[in-house]
Amino acid sequence: MSMSRIEQLIGEIEEYVDSCKYQPLSSTKILVNKEELEELLVELRLRVPDEIKKYQKIISNQDAILNEAHSQADAILAEATAQTNELVNEHEIMQKAYAEANRIVEEAQYQAQQIVDSAIADANSIRQGSINYTDDMLRSLQTIISHSMEESQSRYNAFLSSMQNTYDIVTSNRNELAAGVSNEEEQAEIPVEEPQQ
């Protein structure tokens, strides 16, 4: 609520009195400008009747205001009562609707969970199948590599044996050749007797 002009004028008078200087050698008596103070007091006297009339009007209208408030309150209460009665009549229908809605939601959740569980089971089955298939392929590859290694080892051993035989023959030939060279050198070293004359 805004401040009335009377309250403002009283505040201005108090501020004016506080701003006045004290009389010499006194701590209670002050010096005032008579014209300024009278102006404030004159306006205060003029304002008081208007303020009183305004408050009297408010007081005289109080019964009408209260009656209007009671009428509005009664109308609101009647409307609320009617709405309450309507809601009470619909309560059983609402309860059935809520129960049906909850049943539908629970059924949907169950079906969704079944779908998820089935998908997880299928994914696990596919994963296990792929692991088994890959393991079978690797096992077959191991067998092929093992057989290849055995066959290569057998061929390598036969090759080494053949090479060893060739090596032995070459060594034998060299030994025979070396023996022949040695015999020729020994015969060359035997002195030849000269014929006597």
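Owing to the predicted nature of the structure, the values given are computational and were not obtained by experimental measurement. (Residues numbered from 1 in each chain as written. Predicted model: local features only at pLDDT ≥ 70, side-chain atom pairs only at ≥ 80, totals over all residues. Heavy atoms only, no water.)

Visitor: What is the right way to look at a negative patch on the surface in this model?
Guide: A contiguous patch of negative charge on the surface is contributed by Glu35, Glu36, Glu38 and Glu39. Along the chain, Glu39 turns up in helix H2 (residues 34-60). (Patch = residues over 30% accessible without salt bridge, like charges linked within 9 Å, V, L, I, M, F, W, Y side chains within 5 Å. Areas by Shrake-Rupley, 256 points an atom, 1.4 Å probe, with all protein chains shown as cover. Salt bridge = Lys/Arg side-chain N within 4 Å of Asp/Glu carboxyl O. Lys, Arg positive; Asp, Glu negative; His and termini not counted. Charge placed at Lys NZ, Arg CZ, Asp CG, Glu CD. Helix = DSSP H or I, 4+ residues; strand = E, 2+ residues; numbered from the N terminus.)

Visitor: Is there a simple way to think about the pattern of salt bridges in this case?
Guide: Under the defined criterion, the tally for this structure stands at seven salt bridges. Among the ionic pairs, Glu43 bridges to Arg47, the shortest N-O distance being 3.8 Å. Here Arg47 and Glu43 lie together in helix H2, a separation of four residues that amounts to about one turn. Relative accessible area serves as the criterion here: at 35%, Arg47 is assigned to the partly exposed category. The salt bridge partner of Glu92 is Lys96, with a shortest N-O separation of 3.8 Å. With Glu92 and Lys96 both in helix H3 (residues 62-189) and four residues apart, the pair spans about one turn of that helix. A single burial state applies to Glu92 and to Lys96, both of which are exposed. (Buried < 20%, exposed > 50% of the residue type's maximum accessible area, 1.4 Å probe, protein only.)

Visitor: For this particular structure, what's the right way to read the nonpolar core?
Guide: For soluble globular proteins, nonpolar side chains are generally found buried alongside one another. Counting residues in hydrophobic clusters, the biggest one holds seven residues: Ile6, Leu9, Ile13, Tyr16, Cys20, Leu40 and Leu44. At the level of elements, helix H1 (5-19) and H2 are the ones that each hand at least two residues to this core. Among the elements that make up this core, the one with the highest residue count is H1 (four residues). Contact partners of Tyr16, with chain neighbours within four places excluded, come to Val32, Asn33, Glu36, Leu37 and Leu40. (Core = buried A, V, L, I, M, F, W, Y, C linked by side-chain atoms within 4.5 Å. Contact = heavy atoms within 4.5 Å.)

Visitor: Looking at this structure, I do not really get the environment of Glu100. What am I missing?
Guide: Checked against the element boundaries, Glu100 lands in helix H3. Remark: the alpha-carbon pair of Glu100 and Gln83, spanning 17 residues in sequence, is separated by 24 Å.

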